[in-house]
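Working through the structure, step by step
Below are the chains, spelled out letter by letter.
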There are 2 protein chains.
Amino acid sequence: MHIVLLSGGSGKRLWPLSNDIRSKQFIKIFKKENGEYESMVQRVYRQIRRADPEASVTIATSKTQVSAIHNQLGEDVGISVEPCRRDTFPAIVLACAWLRDVKGVPEDEAVVVCPVDPYVEDDYFRALVELQKAAQRGNANLSLMGIEPSYPSEKYGYIIPADKGQISSVKAFKEKPDAKTAGEYIAQGALWNGGIFAFRLGYVLEKGRERMNFTDYDDLYSRYGSMEKISFDYAVAEQEPSLQVMRFGGQWKDMGTWNTLTEAMEEPCIGDAVLGEGCENVHVVNELDVPVLCMGLKDVVVSVSSEGVLVSDKEKSSYIKPYVDRLDQQVMFADKSWGSFRVLDIEDESMTIKIILNPGHRMNYHSHDRRDEVWTVISGQGRTIVDGMEQPVRAGDVITMQAGCRHTIIADTELKVIEVQLGKEISVHDKHKYELEQ
Amino acid sequence: MHIVLLSGGSGKRLWPLSNDIRSKQFIKIFKKENGEYESMVQRVYRQIRRADPEASVTIATSKTQVSAIHNQLGEDVGISVEPCRRDTFPAIVLACAWLRDVKGVPEDEAVVVCPVDPYVEDDYFRALVELQKAAQRGNANLSLMGIEPSYPSEKYGYIIPADKGQISSVKAFKEKPDAKTAGEYIAQGALWNGGIFAFRLGYVLEKGRERMNFTDYDDLYSRYGSMEKISFDYAVAEQEPSLQVMRFGGQWKDMGTWNTLTEAMEEPCIGDAVLGEGCENVHVVNELDVPVLCMGLKDVVVSVSSEGVLVSDKEKSSYIKPYVDRLDQQVMFADKSWGSFRVLDIEDESMTIKIILNPGHRMNYHSHDRRDEVWTVISGQGRTIVDGMEQPVRAGDVITMQAGCRHTIIADTELKVIEVQLGKEISVHDKHKYELEQ
């Protein structure tokens, strides 16, 4: 199976765990059988491999997520990088062009497209394998999966199938309705539209050429920013007469808000937390090293990270986005391809961060125009290269770098470093990258 | 007026703002007219000065609070240091011996004793001046102030006055009752016993000599640890036949719990906090530099510091102590006589802290046996002395110190330093102090 996972943008609705560069799908919040935690992306990737060990997985996403994806899934996963955000139709066409022109997938092979972040069990991915087979058989140009609704939701579009068969033709698409209308749709046998499609590669490439007039992947990639923002539903699904829908009756949850996310948590607390007297239906996700104590709370979610603290009634947690938008804060934590960093302290003319490099990884070789830096290695072993000169380093070593000096650090073991940045205008944009001559 | 303020122990009931070395009375939580915040100690000290500009103020407390007191009140305030905790009778006698033998106060002068942490208005301190005058007149050996109860509290002992006069003799003392009994006492005209006493200095010294058999301040101080733990109420007030009580009808709040403390806050939030949709009667005290967002909460207090996060129903906040006792955590923040420090990061073999030195102050000259240290100066100017050698330092300078090396840093302006400690057994007890030859 070729599967394309659409990995969306910043996850402000799960603030403070998600931020501008760490989306909700990368938060390690799901407990595995071995007791470790995994992210939504890791969980989905593992589930796909279990449903189809031969699956080729491609993630369609923006540049900002590439580091986190490699960090969490390794280097085997395919990534179709969107130069900018253009909605689902251009994103799916770009991923298809990447599959054909970069990966050499023939145009008559079927591809499944779905969001990266459903909270589902293995039956969902087995159903995707069936959907892909249905698309491969070619009875319809486009095959959708429709979710059997568990309540009259206002959050989803609806698909009205022609009959009650496992696979049926489609009578109509409906936009997100109000609850009453949703109830009427459901009475007619309607299914939720979860944005899950399957088709032969050539079909979508043809639709893409019609609307975007490109020759190949490189051409589309280079002109991607000028493409119209349009959804796949609108550009393709709702226009297509040769259409079928397969129904899916298993568990399917959208992890978009704290309310739904906490439902998926195995235990009430992740991290250092104590639920004291009188707590009912309280969930805590604490990423810091200090304890969270809750007393006498009901139906509340508490989340603590380097970015901030959320304390919310669970119902009300769906409405945090506009408040988070207004916070406009510094990114305090990020996963990178080489490891991670965390901001420890911010002053007017300094910033102190903690850097963790994964074994065998290194930062870019880079310099800054307007700040000096001091590294104190606190654990591990590795090497620094400063203005071309390589030196071994280990815990206790101190390296000072003036503005303008080129530098990197290479981890031989896991390496932890306290970095103090000093200057009047400290900014992530003050950075020049260089090739390392080795 | 001579006034002795009894400053109690660790304030676990206001965790995470208070910790083992920062008691509740030092938390800057009260907004002044100029918009700055002051602590309970600062507020009380200012109120006393306003009621009696000539007042001599002595704080009876343990060694651990001396730095914080000087830091918040300056060097003018008197401090009677208790070598260890022995309850209120020994503490008051020690403070009285200090007043006579160290400060030279004559034995026939009246002294007022009260807790350091009532949340009151200026009328309370004007009443204390009256209480002191009553004690000076000498109509009774011991003069108490009784608080007119606002509800049948189970938290206080009660004083039953002989009549309804402003000053009356005392009919009986009553231990903390249940609510029903409290109501009966109040019907009889009972007053709360707030631990507020006035007497001539010689009277308490005589009581102290009788029970503790000491000669002078130095003698009592040196044998303090062997003294019986006993309260002033039990040892003196309840035995004394020549007793009067003065009633006080103004505002008097005990700031012992988050519930009462938040009642005293001028605004719902201190620090970076947003109260979003549906919040009612919510208070936030946030000492960190990242935002707290609250949604849909009712009757909740949220407090965030380097020590941890408390989220509690206000009523239930009275019951946090046993939970906090069990946390048994590292002190993450402390005010010192020379400034303050904050723990930024803890690893197995390193700890990173931020140090702020007040202008003109310095650390002790000291060394460690089992850790190296690295200082990176992030702002300000000063001098370091390392193994006897003095050097000027300013922002950007890095100083490395091996285990065993003697060192200190002196602030000429306010000086901020990131200190990285490196070693296998990092402990606050690994410290030797030295005199500085200058």
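Everything quoted here is computed from the prediction, not taken from an experiment. (Residues numbered from 1 in each chain as written. Chains lettered and ligands numbered in written order. Predicted model: local features only at pLDDT ≥ 70, side-chain atom pairs only at ≥ 80, totals over all residues. Heavy atoms only, no water.)

Overview of the overall build of chain A
When its secondary structure is counted, chain A shows ten helices and 30 strands. Taken over C-alpha atoms, the radius of gyration comes to 24 Å for chain A, in line with the 22 Å a tight globule of 438 residues would show. The C-alpha extent of chain A, read off along each of the three principal axes, is 70 × 60 × 40 Å. Among the 438 residues that make up chain A, the fraction classed as buried is 55%. Summarising the internal contacts of chain A: among those between residues at least 6 apart in sequence, 66% fall at separations of at least 24. When the accessible surface of chain A is split by element, carbon and sulfur atoms take 44% of a total near 18,500 Å². Distance between charge centroids for chain A: 3 Å, based on 51 positive and 67 negative side chains. (Helix = DSSP H or I, 4+ residues; strand = E, 2+ residues; numbered from the N terminus. Rg over C-alpha atoms; globule rule 2.2 N^0.38 Å. Buried < 20%, exposed > 50% of the residue type's maximum accessible area, 1.4 Å probe, protein only. Contact = heavy atoms within 4.5 Å. Areas by Shrake-Rupley, 256 points an atom, 1.4 Å probe, with all protein chains shown as cover. Lys, Arg positive; Asp, Glu negative; His and termini not counted. Charge placed at Lys NZ, Arg CZ, Asp CG, Glu CD.)

Describing the packing of aromatic side chains
Throughout the structure, instances matching the rule amount to 26 aromatic pairs over all chains. An aromatic cluster is built from Phe89, Phe197, Phe199 and Phe232 of chain A, whose rings are joined through pairwise contacts. Above the ring of Phe30 of chain B, the side-chain terminus of Arg43 of chain B is found at 5.8 Å from the ring centroid. Above the plane of the ring of Tyr434 of chain B lies Arg406 of chain B, whose end atom (NZ or CZ) is 3.7 Å from the centre. (Phe/Tyr/Trp six-rings, centres within 6.5 Å; stacked < 30°, edge-to-face > 60°. Lys NZ or Arg CZ within 6 Å of the ring centre and 35° of its normal.)

A look at unusual backbone geometry
With an omega dihedral of 5°, the bond running from Trp15 of chain A to Pro16 of chain A counts as a cis peptide bond. You can see Pro16 of chain A is positioned in the loop between strand 1 (2–6) and strand 2 (30–31). Even without being a glycine, Asn281 of chain A presents a positive backbone phi close to 55°. Secondary-structure assignment places Asn281 of chain A in strand 16 (residues 280–286). Taking the relative accessible area as the measure of exposure, Asn281 of chain A reaches 43% and is therefore partly exposed. Unusually for a residue other than glycine, Asp387 of chain B sits at a positive phi of about 45°. In this structure, Asp387 of chain B sits in the loop between strand 25 (381–386) and strand 26 (389–394). Note on Asp387 of chain B: relative accessible area 52%, which makes it exposed.

Observations regarding the environment of Thr58 of chain A
All names here are of chain A. With respect to the helices and strands, Thr58 occurs in strand 4 (residues 56–62). In this structure, the C-alpha to C-alpha distance between Thr58 and Leu6, residues 52 residues apart in sequence, is 8.7 Å. When sequence neighbours within four positions are dropped, the list of residues in contact with Thr58 reads Ile3, Val4, Leu5, Gly78, Ser80, Trp98 and Leu99.

Describing the relation of the copies chain B and chain A
The operation relating chain B to chain A is a screw motion whose rotation component is 179°, with 0.0 Å of axial translation and a residual RMSD of 0.1 Å. As the rotation angle and translation indicate, the two copies are arranged about a two-fold axis. For chain B, the minimum C-alpha distance to the rotation axis belongs to Leu344 of chain B and amounts to 2.9 Å. (Least-squares fit on C-alpha atoms with pLDDT ≥ 70 in both.)

Things to note about the pairing of strand 12 (residues 243–248) of chain A
Residue and element names in this part refer to chain A. Most of strand 12 sits inside the fold, with six of its six residues counted as buried. Because side chains alternate across strand 12, one face comprises the buried residues Leu243, Val245 and Arg247, and the other comprises Gln244, Met246 and Phe248, equally buried. The sheet contact formed by strand 8 (residues 142–147) and strand 12 spans six bridges and is parallel. By the bridge assignment for strand 12, Leu142 is matched with Leu243. Relative to strand 12, strand 10 (residues 167–174) runs antiparallel, the two being bridged by three bridges. Bridged to Ser169 within strand 12 is Gln244. (Pairing = 2+ DSSP bridges.)

Looking at the state of the cysteines
This model, assessed by the stated rule, comprises zero disulfides over all chains. A disulfide-free cysteine, Cys294 of chain A has its sulfur positioned 5.3 Å from the sulfur of Cys279 of chain A, the nearest such atom. Sulfur of Cys114 of chain B: no disulfide; nearest cysteine sulfur belongs to Cys96 of chain B and is 13 Å away. (Disulfide = S-S within 2.5 Å.)

Notes on the sheet that holds strand 18 (residues 298–305) of chain A
Ordered in space as 14(A)-16(A)-18(A)-19(A)-17(B)-15(B), the six strands form an open sheet in which the pairing is mixed. The open sheet terminates on both sides in strands that have one partner only, identified here as strand 14 (269–270) of chain A together with strand 15 (273–275) of chain B. Bridging between strand 14 of chain A and strand 16 of chain A involves two bridges; their strand directions are parallel. When the bridges of strand 16 of chain A are listed, Ile270 of chain A appears paired with Val285 of chain A.

Some thoughts on the pattern of salt bridges
One pass over the full model with this rule turns up 58 salt bridges over all chains. Glu38 of chain B is paired through a salt bridge with Arg46 of chain B; the nearest N and O atoms lie 2.5 Å apart. Residue class for Arg46 of chain B comes out partly exposed when judged on its relative accessible area of 31%. Between Arg370 of chain B and Glu425 of chain B there is a salt bridge, and its shortest N-O distance comes to 3.8 Å. With Arg370 of chain B in the loop between strand 23 (365–367) and strand 24 (372–379) and Glu425 of chain B in the loop between strand 29 (415–422) and strand 30 (432–434), this residue pair connects regions lying 55 residues apart in the sequence. Salt bridges sharing common partners tie together Arg100, Asp101, Glu107, Glu206 and Arg209 of chain A. (Salt bridge = Lys/Arg side-chain N within 4 Å of Asp/Glu carboxyl O.)

Considerations on the interface of chain B and chain A
Facing the 49 residues of chain B at the interface are 49 residues of chain A. For the pair chain B and chain A, the summed buried surface comes to about 4,000 Å²; carbon and sulfur atoms form 70% of the total. Its largest share of buried area at the contact with chain A, chain B owes to Leu293, Met295 and Tyr323 of chain B, together 17% of the area lost on that side. At the junction of chain B with chain A, the criterion picks out six salt bridges. Across the salt bridge formed by Asp345 of chain A and Lys354 of chain B, the nearest N and O atoms sit 2.8 Å from each other. For the interface between chain B and chain A, the tally reads 18 residue pairs in polar contact (both at pLDDT 80 or more). (Buried area = accessible area lost by both parts, 1.4 Å probe. Polar contact = N/O pair within 3.5 Å; in protein donor to acceptor, adjacent residues only side chain to side chain.)

Focus: the side chain of Gln244 of chain B
Of note, Gln244 of chain B is situated in strand 12 (residues 243–248). The residues contacting Gln244 of chain B, other than those within four sequence positions of it, are Ala134, Asn139, Ala140, Leu142, Ser143, Leu144, Ile167, Ser168, Ser169 and Val170 of chain B.

Focus: the side chain of Lys416 of chain B
Its place among the elements puts Lys416 of chain B in strand 29. Aside from chain neighbours lying at most four places away, what touches Lys416 of chain B is Glu347 of chain A together with Lys354, Ile355, Ile356, Thr376, Val377, Ile378 and Ser379 of chain B.

With respect to the sheet that holds strand 27 (residues 398–401) of chain A
Residue and element names in this part refer to chain A. Ordered by their spatial adjacency, six strands build an open sheet running 20-21-22-29-24-27, and the pairing between neighbours is antiparallel. Unpaired on one side and paired on the other, strand 20 (333–336) and strand 27 mark the two borders of the sheet. When strand polarity is set aside, the average angle formed by the axes of neighbouring strands in this sheet is 20°. As judged from the eight bridges shared by strand 21 (residues 339–347) and strand 22 (residues 350–357), these two strands associate in the antiparallel manner. Bridge pairing in strand 22 places Ser340 opposite Ile356. In this fold helix 2 (residues 66–73) packs onto strand 20 and strand 21, with an angle of close to 65° to the strand it touches most, strand 20. (Axes fitted to C-alpha atoms, helices over the stretch in contact; angles between N-to-C directions.)

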